Amino acid sequence: QAKTAGRNTIRFFDPGIQAAMMQRLELEADLLSAIRGNQLELYYQVQVNDRGLATGAEALIRWHHPRRGVISPAVFIPLAEENGAIIEMGDWVLAEACRRLEAWQSDSRLGRLEVAVNVSAIQFQQQDFTAKVGALLAEYPSVSQRLKLELTESVLLNRAEDAIEKIRLLKNQGIRFSLDDFGTGYSSLAYLKRLPLDQLKIDQSFVRDIASDPSAAAITQTIIAMAQTLGLEVIAEGVETQEQLALLRNFGCRHYQGYLLSRPLSVGQFQALLAGGNPLLAAAEAE
Ligand code: C2E
Ligand code: MG
Ligand code: MG
Ligand code: MG
């Protein structure tokens, strides 16, 4: 008995676990001050077509934590989803992306870019989501034709009818929709067909292995063919090598995003990338 209790006690107070728990609690507590304290920033990662032209950018959130430095969204987005901070955070991301699109509007190059914004399932499922987006479009009328929302398959898991209705409503206002991380979820083909999407985003796990693993290549090919059948644009994410780019192109994929073209960049760096007649984008063009 005592032995069991002792073991449990030791387990509970395991310094490693305790440190991890403390860190988690601390981060959760810090999330809201992050939003209000101007610690969040959007980075932009260029999206390129098969002629090497920049057609858009994905907005990716960064958290500059006052003590811990930059924290990855892969760490804090799940926390924010659990404690509800994702709503306020998601509102901030959407508004910030719209302000950026508005600021870029008058620039001949930047003004043609489409900006893709990640929307958490929890955020999208809020009853007032479409109203919030509608309010932003009223405030920044020029952005509606250049805003794309990235959803994941989890958005559609429950309440598909509701999701379809929201997508329709926003599409009527000019917004486009992309299905992120495609291939990692559970969407059936029949299901996918019902969704009024514009784009499928091939998950980077397939792209990573496309040159080395025949089954990853086969899945990628199938996704591209399926997207074409459904009349959807397809974009590959996580493109890191010329070899991957060449294979994707052979398979019929015409839009790419990944470190080969550029890492996600701060606004200043991103603007410089586009202004610079960038050699990386030129390389994509030559390929
Ligand atoms: P995601 O939307 O699938 O974004 C792609 C992730 O892959 C980004 O990670 C990006 O930096 C990374 N990436 C891009 N190109 C490459 C490449 O060539 N190789 C490799 N290895 N990685 C590449 P990041 O920025 O850390 O974001 C992680 C995830 O966090 C995103 O995955 C998205 O699910 C979520 N996220 C980011 N920003 C937001 C946001 O504003 N709102 C919400 N709800 N989620 C966000
Ligand atoms: Mg995304
Ligand atoms: Mg993705
Ligand atoms: Mg993801």
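Residues numbered from 1 in each chain as written. Chains lettered and ligands numbered in written order. Predicted model: local features only at pLDDT ≥ 70, side-chain atom pairs only at ≥ 80, totals over all residues. Heavy atoms only, no water.

J.: So what's going on with the overall build of the protein chain? Residues and values would help.
T.: When helices and strands are counted, the protein chain shows 14 helices and nine strands. For the protein chain, the spread of C-alpha atoms along the principal axes amounts to about 70 × 50 × 45 Å. Relative to its 287 residues, the protein chain shows a buried fraction of 48%. In the protein chain, of all internal contacts separated by at least 6 residues, the share reaching a separation of at least 24 is 67%. Across the protein chain, 28 positive and 34 negative side-chain charges occur, with their mean positions spaced 1 Å apart. (Helix = DSSP H or I, 4+ residues; strand = E, 2+ residues; numbered from the N terminus. Buried < 20%, exposed > 50% of the residue type's maximum accessible area, 1.4 Å probe, protein only. Contact = heavy atoms within 4.5 Å. Lys, Arg positive; Asp, Glu negative; His and termini not counted. Charge placed at Lys NZ, Arg CZ, Asp CG, Glu CD.)

J.: An account of the site of ligand 1 is requested, with residue identities and associated values reported.
T.: Surrounding ligand 1, one finds 22 residues, the nearest of these being Arg62, Asp180, Gln204, Glu240 and Tyr259. Interatomic distance of 2.8 Å between a backbone N/O atom of Tyr259 and an oxygen atom of ligand 1. Going through the elements one at a time, strand 2 (54-65), helix 3 (73-83) and strand 6 (176-182) are the ones with two or more residues in the shell around ligand 1. Split into classes, the residues belonging to the shell around ligand 1 amount to eight nonpolar, seven polar and seven charged. (Near = heavy atom within 4 Å. Polar contact = N/O pair within 3.5 Å; in protein donor to acceptor, adjacent residues only side chain to side chain. Nonpolar A, V, L, I, M, F, W, Y, C, P; charged D, E, K, R; others polar.)

J.: Which residues make up the packing of aromatic side chains, and what are the values?
T.: Tallied over the entire structure, the rule returns five aromatic pairs. Consider the rings of Trp63 and Phe76, whose centres lie 5.3 Å apart with planes at 85 degrees: the pair is edge-to-face. Placement of the pair is Trp63 in strand 2 and Phe76 in helix 3, with a sequence separation of 13 residues. Grouping residues by exposure puts Trp63 and Phe76 together as buried. Each residue in the set Tyr44, Trp104 and Phe270 is aromatic and connected to the rest through ring pairs, giving one cluster. One Lys or Arg, Lys166, reaches over the ring of Phe124 and ends 5.6 Å from the middle of that ring. (Phe/Tyr/Trp six-rings, centres within 6.5 Å; stacked < 30°, edge-to-face > 60°. Lys NZ or Arg CZ within 6 Å of the ring centre and 35° of its normal.)

J.: So, the pattern of salt bridges: which residues are in play, and what are the values?
T.: A complete count under the given rule lists 20 salt bridges for this structure. Here Glu26 and Arg67 are joined by a salt bridge, their closest N and O atoms 2.6 Å apart. Of this pair, Glu26 sits in helix 2 (residues 15-36) while Arg67 is found in the loop between strand 2 and strand 3 (69-71), placing the two residues 41 residues apart along the sequence. With a relative accessible area of 58%, Arg67 lands in the exposed category. Across the pair Arg194 and Glu161 runs a salt bridge whose closest N-O atoms are separated by 2.4 Å. Of this pair, Arg194 sits in helix 9 (residues 189-194) while Glu161 sits in helix 8 (residues 160-171); the two residues are 33 residues apart in sequence, bridging distant segments of the chain. Overlapping salt bridges, with partners in common, bring together Glu26, Asp30, Arg67 and Arg68 in one network. (Salt bridge = Lys/Arg side-chain N within 4 Å of Asp/Glu carboxyl O.)

J.: How would you explain the pairing of strand 5 (residues 147-151) if you had to name every residue and give the values?
T.: For strand 5, a buried count of five out of five residues is recorded, marking the element as mostly surrounded by other parts of the structure. Here strand 5 shows a buried face lined by Leu147, Leu149 and Leu151 and a second buried face lined by Lys148 and Glu150. Direction of pairing for strand 4 (residues 114-118) relative to strand 5: parallel, over a ladder of four bridges. Across the sheet, residue Ala116 finds its bridge partner in strand 5, namely Lys148. Across four bridges, strand 5 lies against strand 6 in parallel orientation. Of the residues in strand 6, the one forming a bridge with Leu151 is Leu179. (Pairing = 2+ DSSP bridges.)

J.: I'd love a proper account of the coordination of the magnesium ion (ligand 3), names of residues and values included.
T.: Coordination of the magnesium ion (ligand 3) by the protein involves Asp180 (OD), Asp181 (OD), Glu237 (OE) and Glu237 (OE), with metal-donor separations of 2.0 to 2.5 Å. The sequence pattern formed by the donor residues of the magnesium ion (ligand 3) is D-D-x55-E. If you look at the magnesium ion (ligand 3) and the magnesium ion (ligand 2), they sit 4.1 Å from each other and are both ligated by Asp180. Linking Asp181 in strand 6 with Glu237 in the loop between strand 8 (233-236) and helix 12 (242-250), this pair joins segments that are 56 residues apart in sequence. The exposure class of Asp181 is partly exposed, given its relative accessible area of 25%. (Donors = N, O, S within 2.8 Å, 3.2 Å for Na, K, Ca; no water.)

J.: How would you sum up helix 8? Please name residues and give values.
T.: In this model, helix 8 (twelve residues) spans 16 Å end to end at C-alpha, consistent with the 16 Å of a helix rising 1.5 Å per residue. Those residues of helix 8 that fall on the buried side of the exposure criterion are Ala160, Ala163, Ile164, Lys166, Ile167 and Leu170. Take helix 8 and look down its axis: the buried residues cluster within an arc of 165 degrees, on one side only. Pointing more than 90 degrees away from the buried face of helix 8 are the exposed residues Glu161 and Glu165. The inward-facing, buried residues of helix 8 abut helix 5 (121-124), helix 6 (129-139), strand 5, helix 7 (154-157), strand 6 and helix 9. (Expected span 1.5 Å × (residues − 1). Arc of directions from axis to C-beta.)

J.: Let's hear about the confidence of the model for the protein chain: which residues, and what values?
T.: For the protein chain, the average pLDDT comes to 90, and 92% of its residues sit at 70 or higher. Overall fold confidence (pTM) sits at 0.92, and the ipTM for the predicted complex is 0.98. (pLDDT = per-residue confidence, 0-100.)

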